[in-house]
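# Reading the structure
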Amino acid sequence: MTEPQNPSRRIFLRGAVATSAVLAAGVGTAPGAAAAPGGFPDYRYVKTLLTPSQLKYNPTGEIIFPCIRGTAGRVAGALGRYYLYYAPHDAPGGICLAYGDSLEGPFTEYPANPLVSRTWQPHYSVSHVSSPHVLWNEDAKEMWLYFHGENTTTRLARSKDGITFTYDKVVLSTSMMPAGSTETSYARVFAHDLPSKNARYVMLFMLNNTSNHRDIAWGWSPDGRNWTFDQTPLVRHSDVGAVNVGGPHLLTRNGSTYVVYNKDKESGGDLMITEVGNDFTRRQHLGVFYNSAAGAPDNGRSASPSFGTQGGVPYMVYEAGERLGGSIAVARG
């Protein structure tokens, strides 16, 4: 965490690993411009996009886990060029949508939120549903929504228009992980080929057990529906000096693959980055990806990033602020 007077709000990894990675990659930044570990852009806060108090559907006064998706060439008659999915976490939760024509906003709340609620008969009835991650599935030409409810279970629903969803199935639960697992949630799914595993999709998610320290876990799938899960964490909280890590997102750059994720506020509240390689055999922890500001809107915590590009400009949409007390913000690279 750093003080807000630093406009870039980042501490860069200056060690030999980062230096050699940037030089080897031939990063295309402007002369004198700094870059994050792995040669990623230096993201800088732009504005707040969504604040709970300004939303019509606001059952709990908090929202989490943004997911930004482009609609062009995918959704006929879309409400905007970009769909921004989010949710309250606490009961009753609810998968929500806002839409807009720019990644810098403004975004308009969909008037009939939530799109998915905590009861969907005959499929489930739970205390809450949350953490929406929407994947454009090119094979099916559909928006695939992965969401949790309860924290033990991740489910899949599918849609042609990104608004009306059809329930599919449970894709992840604690029963699929080692004995003692208590949470398998906050999942994101990405198209990523793993020929050695006959897989075309990768899932990243948060795993908790009776020790009550959260790690990043992962799995792979040939079709995005049926999954195999590694029984060993991909990134352990202890690897990066945290009590908990979560909110993972997969990124690729300059021929390699990385996972970006957040620490808990008590451990610094920053976004971290680990290089896993295209085949997920590396575990190179590269340090801070985005350093949360002490002042508003971060208030010492940045989490659950989602990434997009508009007009060649990279953007990061993320949770800004205290867990269950923040807003959705956007940073520009």
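Below: a short report on this structure. Everything numeric here is computed off the predicted structure, so don't read it as measured data.

## Considerations on the pairing of strand β16 (residues 245–253)
The buried fraction of β16 amounts to 7 of the 9 residues, a majority that puts the element mostly inside the structure. In the sheet, β16 pairs with strand β17 (residues 256–263) via 7 bridges, with the strands oriented antiparallel. Bridge pairing links G246 to N262 in β17. Hairpin connection from β16 to β17: 2 residues lie between these consecutive antiparallel strands, with N254 at a positive phi of about 50°.

## Some words on the packing of aromatic side chains
In total, this model carries 16 aromatic pairs according to the counting rule given. For the ring pair Y83 and Y85, a centre distance of 6.3 Å and an interplane angle of 80° mean the geometry is edge-to-face. Accessibility expressed as a relative area gives 1% for Y83, which makes it buried. Ring plane angle 50° and centroid distance 4.9 Å describe the contact between W218 and W220, whose orientation is recorded as tilted. By the ring-pair criterion, three or more aromatic residues cluster together here, those being F40, Y43, Y258, F289 and F307. Cation over ring: R188 sits above F65, and NZ or CZ is 4.1 Å from the ring centre. The side chain of K197 reaches across the aromatic face of W220, ending 4.0 Å from its centre.

## Brief notes about unusual backbone geometry
Look at the link from G105 to P106: it is a cis peptide, with omega at 5°. One can find P106 in the loop between β4 (96–100) and β5 (108–109). Cis geometry is found at the peptide bond from Q121 to P122, where omega equals 0°. Along the chain, P122 falls in the loop between β6 (119–120) and β7 (124–125). Non-glycine residue K141 carries a positive phi angle of around 55°. Along the chain, K141 falls in the loop between β8 (130–137) and β9 (142–148). When its relative accessible area of 43% is taken as the criterion, K141 is described as partly exposed. Even without being glycine, N254 reaches a positive phi, approximately 50°. In this fold, N254 is placed in the loop between β16 and β17.

Parameters at a glance
Residues numbered from 1 in each chain as written. Predicted model: local features only at pLDDT ≥ 70, side-chain atom pairs only at ≥ 80, totals over all residues. Heavy atoms only, no water. Buried < 20%, exposed > 50% of the residue type's maximum accessible area, 1.4 Å probe, protein only. Helix = DSSP H or I, 4+ residues; strand = E, 2+ residues; numbered from the N terminus. Pairing = 2+ DSSP bridges. Phe/Tyr/Trp six-rings, centres within 6.5 Å; stacked < 30°, edge-to-face > 60°. Lys NZ or Arg CZ within 6 Å of the ring centre and 35° of its normal.

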